[in-house]
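Residue strings, one per chain:
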Amino acid sequence: MWMNLLLAFIPVSLLLEYVLHAPPLWVFLTSVIAIIPLADLLRQATEQVAARAGQTIGGLLNVTFGNLAELIIAIFVLLAGNITVVKAQITGSIIGNALLGLGLAILIGSFGRTTQKFSRSNAGQLNSMLFLVVIALLIPALFDYTERLPDFLAGSDTARANLDEYLSLGVAVVLIAVYALNLVYTLVTHKDAFAMEQEEGGHGHGEHGQGDLWPVWRAAATMIGATALIALESEMLSGALEATSSTLGLSPFFLGIIVLAVVGNFAEYIAGSYFARKGQIGLAINIAVGATIQVALFTAPVLVIISYLIGKPMNLVFSSPLELVAIVAVALIVTTVTKDGEATWFEGVLLIAVYLLLGLSFYFVTPRVQGEGASLPVPAGVIEAGGQAYTHTPGMPAAA
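Right, let's walk through the structure included here. Note that the structure is predicted; figures quoted are calculated from it, not measured. (Residues numbered from 1 in each chain as written. Predicted model: local features only at pLDDT ≥ 70, side-chain atom pairs only at ≥ 80, totals over all residues. Heavy atoms only, no water.)

## Quick notes on the packing of aromatic side chains
Counted by the stated rule, this structure contains seven aromatic pairs. Ring-pair connections join several aromatic residues into one group, and the members of that group are Phe 254, Tyr 363 and Phe 364. Its end group placed over the ring of Trp 214, Arg 218 keeps NZ or CZ at 4.1 Å from the ring centre. (Phe/Tyr/Trp six-rings, centres within 6.5 Å; stacked < 30°, edge-to-face > 60°. Lys NZ or Arg CZ within 6 Å of the ring centre and 35° of its normal.)

## Section: the side chain of Ser 238
Within the fold, Ser 238 resides in helix α10 (residues 216-239). Ser 238 sits in the buried class, given a relative accessible area of 9%. Ignoring sequence-local partners within four residues, the contact set of Ser 238 consists of Phe 76 and Val 77. (Helix = DSSP H or I, 4+ residues; strand = E, 2+ residues; numbered from the N terminus. Buried < 20%, exposed > 50% of the residue type's maximum accessible area, 1.4 Å probe, protein only. Contact = heavy atoms within 4.5 Å.)

## Some remarks on the packing of helix α5 (residues 68-79) against helix α6 (residues 83-109)
Viewed as axis vectors pointing N to C, α5 and α6 meet at an angle of 160°, and their least axial separation amounts to 8 Å. Regarding the angle of α5 to α6, the classification is roughly antiparallel. The interaxial crossing formed by α5 with α6 has right-handed handedness. On α6, the residues that touch Glu 70, Ile 73, Ala 74, Val 77 and Leu 78 of α5 are Ile 83, Val 85, Val 86, Gln 89 and Ser 93. Here the contact of α5 with α6 is composed, by residue class, of seven nonpolar, two polar and one charged. (Axes fitted to C-alpha atoms, helices over the stretch in contact; angles between N-to-C directions. Parallel < 35°, antiparallel > 145°, perpendicular 65-115°, else oblique. Left-handed = near helix turned anticlockwise from the far one by under 90°. Nonpolar A, V, L, I, M, F, W, Y, C, P; charged D, E, K, R; others polar.)

## Side note on a nonpolar patch on the surface
On the surface, a nonpolar cluster with roughly 400 Å² of combined accessible area is contributed by Leu 15, Tyr 18, Val 19 and Leu 20. Residue position: Val 19 is located in the loop between α2 (9-18) and α3 (24-53). With relative accessibility at 52%, the residue Val 19 sits in the exposed group. (Patch = residues over 30% accessible without salt bridge, like charges linked within 9 Å, V, L, I, M, F, W, Y side chains within 5 Å. Areas by Shrake-Rupley, 256 points an atom, 1.4 Å probe, with all protein chains shown as cover. Salt bridge = Lys/Arg side-chain N within 4 Å of Asp/Glu carboxyl O.)

## Focus: the environment of Met 236
Inspection of the secondary structure puts Met 236 in helix α10. In this structure Met 236 comes out as buried when scored by relative accessible area, which is 4%. For the pair Met 236 and Glu 17, spaced 219 residues apart in sequence, the C-alpha to C-alpha distance is 7.6 Å.

## Some thoughts on unusual backbone geometry
For His 21, which is not glycine, the phi dihedral falls at a positive 50°. Considering the arrangement of structural elements, one finds His 21 in the loop between α2 and α3. His 21 gets classed as exposed once you look at its relative accessible area, which sits at 59%.

## Considerations on helix α14 (residues 321-338)
Taking 1.5 Å per residue as the helical rise, α14 with its 18 residues ought to reach 26 Å, and the 26 Å between its terminal C-alpha atoms agrees with that figure. Considered for burial, the residues of α14 that qualify are Glu 323, Leu 324, Ala 326, Ile 327, Val 330, Ala 331, Ile 333, Val 334, Thr 335, Val 337 and Thr 338. Buried residues along α14 sit against α6, α7 (120-147), α12 (252-277), α13 (281-309), β2 (342-343) and α15 (345-364). (Expected span 1.5 Å × (residues − 1).)

## A short note on the pattern of salt bridges
What the rule picks out here adds up to four salt bridges. In this structure, the salt-bridge partner of Arg 43 is Asp 40, at a minimum N-O distance of 2.7 Å. In this pair, Arg 43 and Asp 40 both sit in helix α3, three residues apart, roughly one turn of the helix. Of the residues examined, Asp 40 reaches a relative accessible area of 7% and is grouped as buried. Ionic pairing is found between Glu 342 and Lys 117, a salt bridge with its closest N-O pair at 2.4 Å. Note that Glu 342 is positioned in strand β2 and Lys 117 in strand β1 (residues 116-117), a separation of 225 residues in sequence. Its relative accessible area of 28% is what places Glu 342 among the partly exposed residues.

## Details of the environment of Ala 276
Within the secondary structure, Ala 276 sits in helix α12. Each C-alpha atom, one on Ala 276 and one on Leu 107, is 8.7 Å from the other, the two residues being 169 residues apart in sequence. Excluding anything up to four places from it in sequence, Ala 276 contacts Ala 105, Gly 109, Arg 113, Gln 116, Ile 281 and Ala 284.

This is the structure we're talking about:
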């Protein structure tokens, strides 16, 4: 019910942008809220089509369109030249799905239950994929660091940047190939094992009886309409991003890693918590950790390729040690929580606590204000001098 009420923000955001020409802050906030129910509508419509298409095609549709809202948001932010924000959104999606999304699902699913049991083998495969994600995202950063050492011959910053781009394209191709093979593994060669896993916990992601199915035309129209509206809202959101950052005194980096990431994946959080509450914790883990893997193995590589096609090349070098530590932390704590095949409410608290700790660090960190290909505004409390960013405590003289 409340998700449907949020649909009212669609006309409100359009009115503020195109009729009233309201301040960017209000356009940004209403667009962010409007995307949440649209992403949920897109998820529902995809599941309706998937329920009619059979297990293999249905599973392919679910994983293909599962992160479409997030991908659309990232594309428009990329078109605006805010590459740093896009990378932050990727990191935020990885930690948000695996920590916040899974933590909420375990916590909500634990009400009235001492423990929740799930398949250890299925969780083990997901954890293996998480460590592949860690390796894939660490390699470009370590490569970039290596090329900065005196004993290596990148030649210049431009030459090193070109090498980073070539490596990122190669990594993107490998990750997409692994993602495709994973689909073959789960939907074709070993589909019986995964079908058995879903039957043990329920009917699967998007369980619908035959009498609950929408007509095909309604599902298709909803998918097309929701996608178009998400694109429109994302365009308005990206246009208001920098001004909103300045108004709120928050860095665009923080908005990308927390706000945009949460908005793009909010429907997954709702779905995971819903199934966990119904006792299908195994399915909730598949949704949360699967979405994390999809971001790293499909969404991020696709964004790298799209960035080259639109002339705004983005590499996969996450130069912030904080982001890299966050990604490693995801694999470690998710593996620790799920390795025994049981989950308790306190483990959900642990996951959420790690997310909050990372969120606090991302809030207080002061990244350089110049993004790759775009000039980003200075966060409140940060002063630029001589090309460097300095923090400034109100009431104290600025650093010379």
